[in-house]
Amino acid sequence: MRLFSRIIQIKKRFPLTISRGTHTGSSNLFVVIDDGEHKGIGEMSPSKDPSDPNSEDCKNILNEFWKDINPKLGIKEIWQLAKDKNIAPYAIAALDIALWDLKGKKQNESIRTMLNMPLPSAPTSITLGIMSPEEVAIRIPLLFENQKFKSLKVKLGSPDGIEFDKAMFSQALESSKEFDVICRVDANGGWNLEQAKRMTEWLAERNVDYIEQPLAKGDEGNLKNLYKNRALPIYVDESCNYAEDIEEWHEYVDGVNIKLMKCGGITGAVEILESCKTHNLKSMIGCMGESSVSISAAAQISGVIQHIDLDSHLNLSPDPATGAELIDGILMPNDLPGHGAKLK
Ligand SMILES: [Mg+2]
């Protein structure tokens, strides 16, 4: 089996601002594993931290890693070897997604059917980044212009403080009223404990359905204090990469946001889902700046997940791939073998 890869620059239609900064696009690495008959395709979107390996680094790391791999090994064994070598989770994800896609193509089955999972029934959120209330009033009609969404994820945790967050959120509620959506909030760790308590109560009064990563990564010790008497369900995202991260604080959260780029692809996601089941936690699935390739892979397992946030491909100009499609607000996997996505 041969491994090929190439980097494609992907550009966002609307730049996305979160608590830690603004992103306009990324250099994503696309990996192809060819067994001579079928080609499995995977994708990674790199970390935004300049001290982490970028796509060029990951291309070299994966080429080196693949040289020593016995092609007879199973996906899980290859995944574990890559994880043991401390390869960046997003690089492992690109490889793992390609291997699952290849396996599906060889067996003429989708990843979903190989894992015996149902089709998704929960709609995907569309994400609204941090911006001024004036910009919110302009942006929301544009987001809903051509597509129907049933939930809106609002990014808060602005460095300008919780009064800014409140003003922005109030405008988001007002502007989205006519589209009849459920709002949820992602603070991306932008609040301290006191702010998180106040905002959770304030948002609960405004019918938000849950709050994601209220406290910063590293501040998990305070989850215990926030969880007690919480006004809304609390999900963690940045605090959880791999399944083992859940062990420390599973008693103090309601659920976990799985991202293929954080947990090394489908294999890591399945491990997290098992851990959530063990600890009686709910799950959500989100994304980084990914195209339809890894979004379609994520959609394959989304039928067992309570909240879906697979929208990064909808904000690309252009999306270099096609795959899962938005049908009545639900990101629906297609019937093709593997993950069902193709590079254009
Ligand atoms: Mg998040």
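This is a predicted model, so every value here is computed, not measured. (Residues numbered from 1 in each chain as written. Predicted model: local features only at pLDDT ≥ 70, side-chain atom pairs only at ≥ 80, totals over all residues.)

1. Some points on the domain arrangement of the protein chain
Point 1. Split by domain assignment, the protein chain resolves into domain 1 (2-108) and domain 2 (113-343).
Point 2. Computed from C-alpha atoms alone, the centre-to-centre distance between domain 1 and domain 2 is 22 Å.
Point 3. Each partner contributes to the interface: domain 1 provides 38 residues, whereas domain 2 provides 37 residues.
Point 4. Listed by contribution, the elements that provide at least two residues to the side of domain 1 that touches domain 2 are β1 (2-18), β2 (21-34), β3 (39-44), α2 (75-84) and α3 (89-107).
Point 5. The leading source of residues in the side of domain 1 that touches domain 2 is α3, at 12 residues. (Domains from an automatic or database assignment. Contact = placed C-beta atoms within 7 Å. Helix = DSSP H or I, 4+ residues; strand = E, 2+ residues; numbered from the N terminus.)

2. Focus on the sheet that holds strand β8 (residues 234-236)
Point 1. If you trace the 8 strands from one edge of the open sheet to the other, you get β4-β5-β6-β7-β8-β9-β10-β11, paired in parallel fashion. Of all the strands in the sheet, the pair left with one neighbour each is β4 (125-128) and β11 (307-308). (Pairing = 2+ DSSP bridges.)

3. What to know about the environment of Pro159
Point 1. With respect to the helices, strands and loops of the structure, Pro159 is situated in the loop between β5 (151-155) and α6 (162-176).
Point 2. On the basis of neighbour counts, which here come to 10 C-beta atoms within 10 Å, the residue Pro159 falls in the exposed class.
Point 3. In this structure, the C-alpha to C-alpha distance between Pro159 and Arg20, residues 139 residues apart in sequence, is 8.1 Å. (Buried ≥ 20, exposed ≤ 12 C-beta atoms within 10 Å, placed from the backbone.)

4. Focus on α2
Point 1. Looking at α2, one finds that the buried residues are Ile78, Trp79 and Ala82. Projected onto a plane normal to the axis of α2, the buried residues spread over an arc of 100° and lie on a single side.
Point 2. Where α2 is buried, its residues touch α1 (55-67), α3 and α11 (266-278). (Arc of directions from axis to C-beta.)

5. Here's the deal with the nonpolar core
Point 1. With 91 residues, the main nonpolar core has Ala91, Ala94, Leu95, Ala98, Val256, Leu260 and Ala298 as its most contacted residues.
Point 2. Among the elements that make up this core, the one with the highest residue count is α3 (11 residues).
Point 3. Counting contributing residues, this core receives three or more from each of domain 1 (2-108) and domain 2 (113-343).
Point 4. Those residues in contact with Ala98 that lie beyond four places of it in its chain are Val31, Val32, Ile33, Gly40, Ile41 and Gly42. (Core = buried A, V, L, I, M, F, W, Y, C linked by C-beta atoms within 7 Å.)

6. Observations regarding the environment of Ile97
Point 1. Its place among the elements puts Ile97 in helix α3.
Point 2. On the neighbour-count criterion, Ile97 (34 C-beta atoms within 10 Å) is buried.
Point 3. When the C-alpha positions of Ile97 and Ala298 are compared, they lie 9.3 Å apart, and in sequence the two are 201 residues distant.
Point 4. Ile97 has contacts with Gly42, Glu43, Leu260, Gly265, Ile266, Ser294, Ala297 and His339, leaving out every residue within four places of it along the chain.

7. Some remarks on unusual backbone geometry
Leave glycine aside and you will find that most residues have negative phi; peptide bonds, for their part, are mostly trans.
Point 1. Look at the link from Ser317 to Pro318: it is a cis peptide, with omega at 0°.
Point 2. In the Ramachandran plot, Asn86 falls in the positive-phi region, its phi being about 60° despite a non-glycine side chain.
Point 3. Looking at the element boundaries, Asn86 is found in the loop between α2 and α3.
Point 4. The backbone of Asn207 shows a phi angle near 65°, a positive value even though the residue is not glycine.

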